[in-house]
Structure formats: structure tokens, C-alpha cells
Amino acid sequence: MSKRIAANKKKRTSIPQRTKLMAELLQEVNSRCPFCSSLDVGVFHLHHIDEDPSHHNKNNLLAVCPTCHAKIDKKDITMEMVRAVKINSLNRHVKIEFVSAVIAEEQCRWYQEKERCFYKRDNDKPEIPVISFTLINHFPNTVVLKTIRMYVKHLPSGLSGILEAAVLNSVFKYRLYMKKLGENIYPLQQPLQIPAGVAAKFDAEVYSKMVGDIDIAPIGRYVLYFTFDFSGGISLTTPPVFLNCCGENEPMTIWKNIG
Ligand SMILES: [Zn+2]
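In this text the structure is predicted, and so the values were computed from the model without any measurement.

### Notes on the overall build of the protein chain
No. 1: A tally of helices and strands in the protein chain yields four helices and 14 strands.
No. 2: Across the 259 residues that make up the protein chain, the buried fraction comes to 24%.

### Section: the environment of Asn137
No. 1: In this fold, Asn137 is placed in strand β6 (residues 130–137).
No. 2: Distance in space between the C-alpha atoms of Asn137 and Lys95 is 6.6 Å, their sequence separation being 42 residues.
No. 3: The residues touching Asn137, leaving out its near neighbours within four places in the chain, are Ile96, Val143, Ile194, Pro195, Ala196, Gly197 and Val198.

### Concerning the pairing of strand β10 (residues 199–210)
No. 1: Direction of pairing for β6 relative to β10: antiparallel, over a ladder of seven bridges. From the neighbouring strand, Val130 faces β10, where its bridge partner is Glu205.
No. 2: In this sheet, β10 lies alongside strand β8 (residues 173–177) in parallel orientation, the contact comprising five bridges. From the neighbouring strand, Lys173 faces β10, where its bridge partner is Asp203.
No. 3: Inspection of the sheet shows β10 paired to strand β11 (residues 214–216) by three bridges, in the antiparallel sense. Looking at β11, one finds that Met210 is bridged to Ile214.
No. 4: Between β10 and β11, which pair antiparallel in sequence order, lie three residues; one of them, Gly212, sits at a positive phi of approximately 90 degrees.

### Thoughts on the pairing of strand β5 (residues 117–120)
No. 1: As paired strands, strand β4 (residues 110–114) and β5 are joined by four bridges and run antiparallel to one another. Residue pairing across strands places Trp110 opposite Lys120, the latter belonging to β5.
No. 2: As paired elements, β5 and strand β14 (residues 241–243) share two bridges and run parallel to each other. Note that in β14 the partner of Phe118 across the bridge is Leu243.

### Comments concerning the nonpolar core
No. 1: Formed by 36 residues in total, the largest nonpolar core has its most connected members in Phe118, Ile131, Leu224 and Phe226.
No. 2: Going through the elements one at a time, β3 (96–103), β5, β6, β7 (143–155), β9 (182–194), β10, β12 (221–230) and β14 are the ones with two or more residues in this core.
No. 3: If one sorts the elements of this core by residue count, β12 sits on top with six residues.
No. 4: Discounting chain neighbours no more than four positions away, the residues touching Phe118 are Ile103, Trp110, Tyr111, Gln112, Pro129, Phe242 and Leu243.

### Focus on the environment of Leu21
No. 1: With respect to the secondary-structure elements, Leu21 resides in helix α2 (residues 18–28).
No. 2: Take Leu21: there are 17 C-beta atoms within 10 Å of it, and that puts it in the partly exposed class.
No. 3: A sequence separation of 42 residues divides Leu21 from Ala63, and the C-alpha atoms of the two residues are 10.0 Å apart.
No. 4: Beyond its immediate chain neighbours, meaning those up to four positions away, Leu21 contacts Ile15, Lys58 and Leu61.

### Remarks on unusual backbone geometry
No. 1: We note that Gln17 has phi near 55 degrees; this positive angle belongs to a residue other than glycine.
No. 2: When you line up the elements, Gln17 lands in the loop between α1 (2–8) and α2.
No. 3: With a phi angle near 60 degrees, Ser31 is a residue other than glycine that sits in the positive phi range.
No. 4: With respect to the helices, strands and loops of the structure, Ser31 is situated in the loop between α2 and β1 (45–48).
No. 5: Its 12 C-beta neighbours within 10 Å are what place Ser31 among the exposed residues.

### Looking at the environment of Cys117
No. 1: Residue placement: Cys117 occurs in strand β5.
No. 2: Taking the C-alpha atoms as reference points, Cys117 and Ile103, 14 residues apart in sequence, are found 8.8 Å from one another.
No. 3: When sequence neighbours within four positions are dropped, the list of residues in contact with Cys117 reads Gln112, Phe242, Cys245 and Cys246.

### A few points about the confidence of the model for the protein chain
No. 1: Mean pLDDT over the protein chain works out to 85, with 88% of the residues at or above the 70 mark.
No. 2: When mean pLDDT is compared element by element in the protein chain, strand β2 (residues 61–64) scores highest at 96, while α1 scores lowest at 43.
No. 3: Taken together, the stretch residues 1–8 has pLDDT below 50 and engages in ten contacts with residues farther than four places along the chain or on a different chain.
No. 4: Low pLDDT, under 50, characterises residues 158–166; the stretch is placed with 24 contacts to residues that sit more than four places away or in other chains.

About the thresholds
Within each chain, residues carry numbers counting from 1 in the order of the written sequence. The predicted origin of the model limits local features to residues at a pLDDT of at least 70 and limits the giving and counting of side-chain atom pairs to 80 or more, whereas totals for whole chains, interfaces and linings rest on all residues. Think of it this way: any DSSP run of H or I at least four residues long counts as a helix, any run of E at least two long counts as a strand, and we number them from the N terminus. The exposure scheme places C-beta atoms from the backbone and then counts, for each residue, the other C-beta atoms within 10 Å of its own, assigning buried at 20 or more, exposed at 12 or fewer, and partly exposed in between. By definition, residues are in contact whenever their C-beta atoms, placed on the basis of the backbone, come within 7 Å of each other. Whether two strands pair depends on DSSP finding at least two bridges between them. What makes a nonpolar core is a set of buried Ala, Val, Leu, Ile, Met, Phe, Trp, Tyr and Cys residues, with links drawn between C-beta atoms within 7 Å. Per-residue confidence from the predictor is given as pLDDT, running between 0 and 100.

What follows is the structure, given as C-alpha cells:
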């Protein structure tokens, strides 16, 4: 446990409203450990998914049994497995399927290196990344996408990277201004309607602003977590999207020698 704190250089802080949060998080996993399915858990632990013990956002916490918590600490259970389990439990009751998030290479100078890992390259296309999301509505009626939430996490700088890219036409292009780290909320002026049983695709341009109102592409390495809020209180959380990196813990590599 203390090893983790040292590695992150972040202090463990107490979780505000722990009891309420624990109740919500237990509901999320159906009161059983999401890894070993044990129902017979004396005391559930709350695991910080991004391993930052001061980051108590509900989306960053997962209720697990002490045994599986120890396995996570030892990396016997990887961060990727933890994330997948969290997303599955969040979307357990949602009949909207996340199909893909790809970079719209014809619209911007970014390319896909691995699934949901996008890098910027040099060419004449616009530098603001455009991410295309495809979802399928499995509800028997139309759902309306009303709000997009994007959680922004900045990773330490480092350079890496190179290469590549879809059939539906996008319905809308939303512009998402990366205003701050943490949660950014975008109520949609043009809500997206997805009829029952239909796949829909839309684009999201992610940008940050420079002084003087100039929109620029995100510089540095980011992990973006998207949550789509639909009519009827339905929310869908997508797996993370990585900009200029392929994961949270990838080693930094030098991609260009100077001189
Ligand atoms: Zn367990």
C-alpha cells in the first residue's frame, strides 16, 4: 500500500461522504466482488482505479474484496482489467452499445496507433483532433443524447509514437473545449436522436484555447473518459481515449534524436 503512494508521489486522503459513496459503489457491483464474484466479503475495499489515492471521483473508485485488492496492488490484476470491469458494471443496465471511438483521419492530422490511442502528426490537415463515436441503441424506443461529459486527465510529458483508420456518416460534430482538468460538462444544443435498434455516429472535436481565443489541439499526453447522458436518466461510459499515448503507465520514449 505505502509503496503505491510513494510511486505516485500523491498523498492518500480520506474519502468524503464515504458511507454514501460506498453504498452507491456496492450497488454498481451488485454487492459482490467484481473479480472473484464473492458475495461473502466482510469489508469491501475501495480501489482507486488510476492509482491516485487522492482522486475520489466515483468514476475512479471500484468496490472490491480485500483479496482481489491485494492482487491489483501486485498487478496480478492489471489496470486494464480493472477499467474493463468498472465500465461493465457502470453499463450493466444500459442497452446502448458502445461500438467504437476512432480518429477521423480525413478531418484532422491525427492518426490511430492502437485502439482508442491517437497521435498527432505533421501534415496540412487541421490540428484539432476529431474523434468519431459510434453507438447502437438497443432500447425499443428512441433515445436522445443530451449531454456529453468528458473527464480530462493529463499525464506527465513524454514523447512516443506512429500510424493509421470507418462506414457510417457522422450526424453531428460537437466541439468540446477542454476547459480544465477533471470533469467538463457539455449540454448539447443539438441533441442527437438515436432511434430504436439503430447505430449512430457523431464526431467530437477536442480542443483547448490559447490566450487570444485561438483554438489549439491538446498538447501533451491525455486520458479522456467520456460519459454520454441520454434521455430517461440513461448514461453510457466509454472506455478511455488516449491522446499522444497508449496507456497510463507506458514508459516514456524518445522518438527523435536532436542533433
Ligand atoms: Zn474478490
